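Take a look at the letters that make up each chain.
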Amino acid sequence: MDVLQWAIDPRGHSVPIHIAWFLIQVAFVSAVAFLIVHAAYIRFFAGEKQWSGTTAPEVVAAIPERVPRHSLVARTFHWLMAASMLTLLFTAFLPKVGVEFDWVTLHWIAGTVLTASVLFHIIHASFWLDFWAIWPDKTDIVDAIRRLRRFFGQAVPAPRRFAKYPLENKGFHGAIIAAGLSVIATGVFMMFRVRTIFFTRNPYLFSDGTWGWMYVLHGLAGVGLIALVVIHIYFGIRPEKRPITKSMIFGWMSRDFVLKEHDPTRWVVTPVSVPPSTREPESLRNVS
Amino acid sequence: MAVIHDVMPPFLLFQPASLAETQKLLEQQGQDGWILAGGLDSFDWLKDRIRKPKAVIDLSGVQELKGVRSTSDGIEIGAMTTLTEVANHPLVQQKYRLLADAAEAVASPQIRNQATIGGNVSQDARCWYYRAGWPCYRAGGNICYADTPDGRNREHAILHAQRCVAVNPSDTAPALIALDARFVLQTANGERVISAEDYFVGPDIDITRLNILRPGDLLSSIRIPATWAGAQFYFEKIRDRQVWDFPLLNVASAITLTGDRIERIRIAVNAVAARPLRLASVERLVTGKPRSLTTGELAGNLAVKGAVPLQFNSYKIPLMRNLVKRAIAGGQEATWTSYSGQ
């Protein structure tokens, strides 16, 4: 069973034209299988999370009731990106599984929205947010190794609590970056092959082989995103992750959840967007 | 690349004698089954070895699929009825002259003796890049070779093109749409009756098909209601060679008048898009107006709104404008107009 679809171009060369569409089902089923295994593990085998280290009482006292986590701009970007991503996935793959509709225009419009929002996010995150907060640091790696060794029963110290983002969040963000930038980069070029308001059609911009590999990369990243989005939604609705999901809606996390799972020395709380009733004095910024 | 061979590749040949037997075979063969009607389209594909079906189901022995029958509400034409029979049948000649004219305009007498009405409405696109076996969108690939700056696209679409710019080449399809015909399909889920318009599919919905037939489905007959029997009809086809050719453009209209005013009208064109187009906006515009040259010109101008020509087919815009004008006003009244700038 070939995972790529090949064809003979007019010059007699064998060129890839796109992925084999059964990979759509493979991606979806793999994601569902993962979440079934994960749900079963959490339900039947996982114990209580254990953390090392304590937080100084004065630091605890300085944490506001509502800890701001995502600014309105960041949340707007997230949901805009989510809407465009879901539109892209539905318009790309529903026709391939038999749900027929006029998908191309919707697809490139959603792709344009995604591209614009990702460009905005890159600039916003680079200059207005803590850019490095979403990238794994040395502590994350050390703690991940600890968690793994403890999973296999070895006697090692418990991991420390997370910084602003758990390592899983950071890993997911990295995977989304890889898949997302792949579909965006290839998608922008693929818009030269359809009629849009942006470019003059030029299907001969690249050779048939280059175009073919571009479609393959677009497809592979696309089916990868099916799995990533299914898993993301699954974690978003899991009970223990709901405070994180709620923070992406309302912008804040409860003090209790932050103290339970996050390390205030690694995540410096700046309560700038807390509602007036719960706003803390300026002196609480940069608590560490 | 298409290579002409002396013989076709081997396949299993089934020759059912009844509709029930045909349906059973179609169900058994599924994706591997190829329906053979008159063979005019099929043999091109098979001899060029671009399509290599495992099984061919020849419908020529299924009598239930042949002939023109009178019904309580018009006529029913079996999908395997030849175009010659359709064009010459007294009922068609008397009441649905539009269809007779369209069937008579198809190809040559020899071809019409063999070609069927089911095959004519279900035939595949004639774009030569596609027919030559190039891996274009319609063939499952990721490019349209015709819609390029130097692509040969004189015969291609000016409306509703989306990635693929091939056109539907049927002559009888617009006539059947104008007559408000119903297509009877035999599917795995039973009989399905749909309007002629809904039988055809554009590239926006499915780029690899021109009609809604899925593997295992069969177009068994076409029903034409009495609604438009005896109306004023107009059919005109423009082609490169008058003796034998696919349409560059064709138009079909059915009109009833009250006095000199258009009471009801259905009008459709083909070879401008991947599916025959019913011009509903034109119908709304001209209903209630006098059947005149002025109305025809209005209609022609509206009909081409949104048309996007390719490199070599901008002539289709004034051509369509003229044909729609003539279909509304009548060929005698509406002479050809040269539209500058098109």
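It should be noted that the structure appears before, not after, this text.
Residues numbered from 1 in each chain as written. Chains lettered and ligands numbered in written order. Predicted model: local features only at pLDDT ≥ 70, side-chain atom pairs only at ≥ 80, totals over all residues. Heavy atoms only, no water.

**Structural notes on the pattern of salt bridges**
Residues and elements named next belong to chain B. Rules: Note on definitions: salt bridges are taken to be side-chain nitrogens of Lys or Arg within 4 Å of carboxyl oxygens of Asp or Glu. By the criteria applied, helices consist of DSSP H or I runs no shorter than four residues and strands consist of E runs no shorter than two, each listed in order from the N terminus. The classification of residues rests on relative accessible area computed with a 1.4 Å probe and restricted to protein chains. Under 20% of the type maximum is buried, over 50% is exposed, and intermediate values are partly exposed.
Under the definition given, this model contains 34 salt bridges over all chains. Between Arg131 and Asp41 there is a salt bridge whose closest N-O contact spans 2.6 Å. Of this pair, Arg131 sits in helix α8 (residues 128-131) while Asp41 is found in the loop between β2 (33-36) and α2 (42-47), placing the two residues 90 residues apart along the sequence. Given the relative accessible area of 10%, Arg131 is considered buried. Of the residues examined, Asp41 reaches a relative accessible area of 17% and is grouped as buried. Between Lys237 and Asp171 there is a salt bridge, with its nearest N and O atoms 2.6 Å apart. One end of the pair, Lys237, is in strand β9 (residues 232-238); the other, Asp171, is in the loop between α8 and α9 (172-178), and 66 residues separate them in sequence. Look at Asp171 and you get buried, because its relative accessible area is 2%.

**Quick look at the packing of helix α12 (residues 293-303) of chain B against helix α13 (residues 316-329) of chain B**
Residue and element names in this part refer to chain B. Keep this limit in mind: Here, axes are lines fitted to C-alpha atoms. For helices the fit covers the stretch in contact, and angles between N-to-C directions go from 0 to 180 degrees. Definitions for this section: a left-handed crossing has its near helix turned counterclockwise from the far helix by less than a right angle. A right-handed crossing has that turn clockwise. Note on definitions: a residue-residue contact is assigned when non-hydrogen atoms from the two residues lie within 4.5 Å. Amino acids are sorted into nonpolar (Ala, Val, Leu, Ile, Met, Phe, Trp, Tyr, Cys and Pro), charged (Asp, Glu, Lys and Arg) and polar (every other residue, Gly among them).
At their nearest, the axes of α12 and α13 sit 7 Å apart, and the two run at 145 degrees to each other. Crossing hand, α12 versus α13: right-handed. Facing α12, whose interface residues are Leu293, Thr295, Gly296, Glu297, Ala299, Gly300, Asn301 and Ala303, α13 presents Met320, Arg321, Val324, Lys325, Ile328 and Ala329. In the contact of α12 with α13, the residues fall into seven nonpolar, four polar and three charged.

**Observations concerning the sheet that holds strand β11 (residues 261-270) of chain B**
Residues and elements named next belong to chain B. For the record, the criterion: Between any two strands, pairing holds if DSSP finds at least two bridges.
Pairing is antiparallel across the open sheet formed by four strands, whose spatial order is β9-β10-β11-β12. The outermost strands of the open sheet, each flanked by one partner alone, are β9 and β12 (277-278). Note: β9 against strand β10 (residues 249-258), seven bridges, orientation antiparallel. Residue Ile238 lies in a different strand from β10, and its bridge partner there is Leu249.

**Quick notes on the pairing of β10(B)**
Residues and elements named next belong to chain B. Summarising burial for β10: eight of the 10 residues are buried, a large majority. When β10 meets β11, the two strands line up antiparallel, connected through nine bridges. Bridge assignment links Ser253 to a residue of β11, and that residue is Ile267. Between the antiparallel neighbours β10 and β11 lie two residues, among them Gly259 with a positive phi of about 65 degrees.

**Some remarks on the interface of chain B and chain A**
Here is the rule: Note on terms: buried area is the combined drop in 1.4 Å-probe accessible area of two parts once they are placed together, counting the loss on both. Here a polar contact is recorded for every N or O atom pair within 3.5 Å, except that within protein the pair must consist of a potential hydrogen donor and a potential acceptor, and residues adjacent in sequence are included only if both atoms are side-chain atoms.
With 24 residues of chain B at the interface, the matching set in chain A holds 24 residues. Considering only the surface of chain B that becomes buried against chain A, Asn142(B), Arg163(B) and Ile205(B) emerge as the three largest contributors, covering 27% of it. There are four salt bridges connecting chain B and chain A. Among the salt bridges present, the one from Arg195(A) reaches Asp147(B), with a minimum N-O distance of 3.5 Å. The interface formed by chain B and chain A holds 10 residue pairs in polar contact (both at pLDDT 80 or more) in total.

**Observations concerning empty space enclosed by the protein**
Residues and elements named next belong to chain B. The condition that has to hold: In this analysis a 1.4 Å probe is tested at points of a 1 Å grid over the protein atoms alone, and where it fits but cannot get out there is a cavity; an open set with protein on both sides within 12 Å along at least five of seven lines is a pocket; lining residues have an atom within 4 Å of a point. Grid points are joined across faces, edges and corners, and a volume is the space filled by probe spheres set on the points.
Enumeration according to the criterion identifies two cavities of 30 Å³ or more in this entry. The volume enclosed by the largest cavity comes to roughly 60 Å³. In terms of lining residues, the largest cavity is bounded by 13 residues, among which Cys127, Cys136, Cys144, Tyr145 and Cys164 are the most central. Grouping the amino acids of the lining of the largest cavity by side-chain chemistry returns 12 nonpolar, no polar and one charged. In this model, the second largest cavity occupies a volume close to 50 Å³.

**Considerations on the packing of helix α3 (residues 72-93) of chain A against helix α4 (residues 104-127) of chain A**
All names here are of chain A. To keep things clear, this is the line we draw: Any angle that falls under 35 degrees is termed roughly parallel, while one over 145 is termed roughly antiparallel, one within 65 to 115 roughly perpendicular, and all others oblique.
As a packed pair, α3 and α4 sit with axes 9 Å apart at the nearest point and diverge in direction by 150 degrees. When the interaxial angle is binned, α3 and α4 end up roughly antiparallel. Crossing of α3 against α4: the hand is left-handed. Here Val73, Ala74, Phe77, Leu80, Met81, Ser84, Met85, Thr87, Leu88, Thr91 and Ala92 of α3 lie close against α4, whose contacting residues are Leu106, His107, Ala110, Gly111, Val113, Leu114, Ser117, Val118, Phe120, His121 and His124. The class makeup of the residues in the contact of α3 with α4 is 14 nonpolar, eight polar and no charged.

**Remarks on a nonpolar patch on the surface**
Residues and elements named next belong to chain A. Short version of the rule: Grouping into patches uses exposed residues only, defined as over 30% relative accessible area, and leaves out salt-bridged ones; the cut-off is 9 Å for like charges and 5 Å for nonpolar side chains (Val, Leu, Ile, Met, Phe, Trp, Tyr). Values of accessible area rely on a 1.4 Å probe in the Shrake-Rupley scheme; residue burial ignores everything except the protein chains shown.
On the surface, a cluster of nonpolar side chains totalling about 740 Å² of accessible area is made up of Tyr41, Phe44, Phe45, Leu148, Phe151 and Phe152. When contributions to the nonpolar patch are tallied by element, the ones reaching two or more residues are α1 (22-44) and α5 (138-151). Within the secondary structure layout, Phe45 lies in the loop between α1 and α2 (57-62).

**Quick word on the packing of aromatic side chains**
What counts is decided by this rule: Pairing of aromatic side chains requires ring centres within 6.5 Å, counting the rings of Phe and Tyr and the six-membered ring of Trp. Pairs whose planes differ by under 30 degrees are stacked, by over 60 edge-to-face, and all others tilted. Note on geometry: a ring has a charge over it if NZ (lysine) or CZ (arginine) is within 6 Å of the ring centre and within 35 degrees of the ring normal.
Scanning all chains against the criterion turns up 23 aromatic pairs over all chains. Ring centres 5.1 Å apart and planes at 70 degrees place the aromatic pair Trp45(B) and Tyr130(B) in the edge-to-face group. Note that Trp45(B) is positioned in helix α2 and Tyr130(B) in helix α8, a separation of 85 residues in sequence. For Trp45(B), a relative accessible area of 2% corresponds to the buried category. Among the aromatic residues, ring-to-ring pairing joins Tyr41(A), Phe45(A), Phe151(A) and Phe152(A) into one connected group. One Lys or Arg, Arg163(B), reaches over the ring of Tyr137(B) and ends 5.2 Å from the middle of that ring. Above the ring of Trp228(B), the side-chain terminus of Arg264(B) is found at 4.2 Å from the ring centroid.

**So, the sheet that holds strand β3 (residues 55-58) of chain B**
Residue and element names in this part refer to chain B. Strands sit in the order β1-β3-β2 across an open sheet of three strands; the sheet is parallel. Both outer strands of the open sheet, β1 (12-14) and β2, are each paired with one neighbouring strand and no more. On average, each strand axis in the sheet is tilted by 25 degrees relative to the strand beside it, whichever way the strands run. Lying over the sheet, helix α1 (residues 19-29) contacts β1, β2 and β3, oriented at roughly 165 degrees with respect to β3.

**Thoughts on the state of the cysteines**
Residue and element names in this part refer to chain B. Test applied: Our working definition of a disulfide is a cysteine sulfur pair at a distance within 2.5 Å.
Scanning the model with the defined rule gives zero disulfides over all chains in all. The structure places no disulfide on Cys127, whose sulfur is separated from the nearest cysteine sulfur, that of Cys136, by 6.1 Å. A relative accessible area of 12% means that Cys127 is categorised as buried.

**Quick word on the environment of Thr71(B)**
Turning to its location among the elements, Thr71(B) is positioned in strand β4 (residues 68-71). Measuring from C-alpha to C-alpha, the distance between Thr71(B) and Asp124(B) comes to 30 Å, with 53 residues separating the pair along the chain.

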